[in-house]
Amino acid sequence: MPADVPTLALLDLLPEAWRGVLTPHLDPARTAALGEFVAGEYATQTVFPPVEDLFSAYRHCAPQDCRVLILGQDPYHKAGQAHGLSFSVRDGVSVPPSLRNVFKEMSEDLGVAKPRSGNLDGWAAQGVLLLNAVLTVRQATPGSHGNKGWEEFTDATIRALDALDHRVVFMLWGGYARKKAALVTNPQHVVLEAGHPSPMNPRGFLGSRPFSAANKALADAGLPTVDWERSAG
């Protein structure tokens, strides 16, 4: 990394509540190394999401408010798409194919209209943590920031949610996300697994009815359900 590039102190960028619950699950040296790598990438490459959106998922959804986790793999790698929430794009950006399938399933599951915008701020505002397992990516290079330390960071997030004293519904879509089910050990939580919503995966997601299942799990625990129609905040 160039000598004049500062290290990103990742934990300092997090909201205080998340910093408190993640720190016990993280190795300080490896987190510092991840910060150096990410800082170098932002300084020398085109990286998404923009650094100011890096921890948007955490800012939108405090740990004590989290009721649902939707786990993606890594951010969208095309310009103008990723803004720190898994599967989400800002208003005015074309809805990506995977999110179109998410909306199709939501419409058929709940009997509601498909949202016109791919902005999922409204889900995040209701306690849905829209997290990617890897939080950054080089432009046009999917998976380029895998195995650099983000996986440990987001595994720590899952462990922190697992330790909460209220029910969290973990929605794990696709083989990569489903491997994280082993991190959920608290029996009060609910894990809903399905195939990835990508059009490249013709089976396993459509027809899984995750939205009604998540709301049933929340209602069974005496928690408010999610208004999934309210995607844009």
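Worth saying up front: this structure is predicted, and the values here are computed from it rather than measured.

Conventions used here
Residues numbered from 1 in each chain as written. Predicted model: local features only at pLDDT ≥ 70, side-chain atom pairs only at ≥ 80, totals over all residues. Heavy atoms only, no water. Helix = DSSP H or I, 4+ residues; strand = E, 2+ residues; numbered from the N terminus. Buried < 20%, exposed > 50% of the residue type's maximum accessible area, 1.4 Å probe, protein only. Lys, Arg positive; Asp, Glu negative; His and termini not counted. Salt bridge = Lys/Arg side-chain N within 4 Å of Asp/Glu carboxyl O. Polar contact = N/O pair within 3.5 Å; in protein donor to acceptor, adjacent residues only side chain to side chain. Contact = heavy atoms within 4.5 Å. UniProt positions renumbered as here; feature names shortened; annotations may be inferred. Axes fitted to C-alpha atoms, helices over the stretch in contact; angles between N-to-C directions. Parallel < 35°, antiparallel > 145°, perpendicular 65-115°, else oblique. Nonpolar A, V, L, I, M, F, W, Y, C, P; charged D, E, K, R; others polar. Core = buried A, V, L, I, M, F, W, Y, C linked by side-chain atoms within 4.5 Å. Pairing = 2+ DSSP bridges.

**Notes on the side chain of R167**
At step 1: Position of R167 relative to the elements: it lies in the loop between α7 (150–162) and β5 (169–173).
At step 2: Comment: no salt bridge for buried R167; closest opposite-charge side chain is D220, at 5.0 Å.
At step 3: At a separation of 2.6 Å, a polar atom in the side chain of R167 contacts the main-chain carbonyl oxygen of Q188.
At step 4: Beyond its immediate stretch of four places on either side in the chain, R167 contacts C66, R67, Q188, H189, V190, A217, D220, A221 and L223.

**Topic: the UniProt feature "domain: Uracil-DNA glycosylase-like" (unreviewed entry) in the chain**
At step 1: As annotated by UniProt and renumbered to match this structure, "domain: Uracil-DNA glycosylase-like" (unreviewed entry) occupies residues 59–218.
At step 2: In the segment residues 59–218, helix accounts for 29% and strand for 14%; the C-alpha atoms at its two ends are 22 Å apart.

**Thoughts on the pattern of salt bridges**
At step 1: Within the structure shown, the criterion is met by seven salt bridges.
At step 2: The salt bridge partner of R138 is E41, with a shortest N-O separation of 2.6 Å. Placement of the pair is R138 in strand β4 (residues 137–138) and E41 in helix α3 (residues 28–44), with a sequence separation of 97 residues.
At step 3: Residue classification places E41 among the buried positions, given a relative accessible area of 7%.
At step 4: Between K180 and D155 there is a salt bridge, with the nearest N and O atoms lying 2.8 Å from each other. Of this pair, K180 sits in the loop between α8 (175–178) and β6 (190–194) while D155 sits in helix α7, and the two are 25 residues apart along the sequence.
At step 5: For K180, a relative accessible area of 11% corresponds to the buried category.
At step 6: Judged by relative accessible area, D155 falls into the buried class, the value being 14%.

**Side note on the environment of H145**
At step 1: When you line up the elements, H145 lands in the loop between β4 and α7.
At step 2: Counting along the chain gives 86 residues from H145 to S231, while the straight-line C-alpha distance between them is 28 Å.
At step 3: In this structure H145 touches F37, E41, V47, V134, T136, V137, R138 and W150, once residues within four positions along its chain are discounted.
At step 4: At a separation of 2.7 Å, a polar atom in the side chain of H145 contacts the side chain of E41.
At step 5: Of note is the side chain of H145, whose polar atom sits 2.7 Å from the side chain of T136.

**Some words on the packing of helix α5 (residues 97–110) against helix α9 (residues 210–220)**
At step 1: Close contact between α5 and α9 brings their axes to 7 Å; oriented N to C, the two are set at 60 degrees. Taken together, the axes of α5 and α9 are oblique relative to one another. Contacts between α5 and α9 involve V102, E105, M106, D109 and L110 from the former and P210, F211 and S212 from the latter.
At step 2: For the contact of α5 with α9, the class distribution of residues is five nonpolar, one polar and two charged.

**Notes on the nonpolar core**
At step 1: In terms of nonpolar packing, the biggest core is built from 69 residues, with I70, W123, W150, F153, M171 and W228 touching the most fellow members.
At step 2: With six residues, α7 is the single largest residue contributor to this core.
At step 3: Beyond its immediate sequence surroundings of up to four residues, M171 is in contact with V68, L69, I70, L71, L192, P210, F211, A214 and W228.

**Some words on the environment of Y58**
At step 1: In this fold, Y58 is placed in helix α4 (residues 56–60).
At step 2: A residue is classified by how much of its surface remains accessible, and Y58, at 1% relative accessible area, is buried.
At step 3: Apart from residues no more than four positions distant in its own chain, Y58 is found in contact with L14, P15, W18, L22, L129, L131, L135, F153, T154 and T157.

**Focus: the sheet that holds β5**
At step 1: Overall, parallel pairing links the four strands, which are arranged β3-β2-β5-β6 in an open sheet. A strand with exactly one partner marks an edge of an open sheet, and here the two such strands are β3 (128–132) and β6. Each strand axis lies, on average, 20 degrees off the axis of its neighbour in the sheet, ignoring direction.
At step 2: Examined bridge by bridge, strand β2 (residues 68–72) and β3 share five bridges and lie parallel to one another. Bridge assignment links I70 to a residue of β3, and that residue is L130.
At step 3: Relative to β3, α7 is tilted by about 155 degrees, and along the sheet it contacts β2, β3 and β5.
At step 4: Contacting β2, β5 and β6, α9 runs over the sheet at an angle of about 160 degrees to β5.

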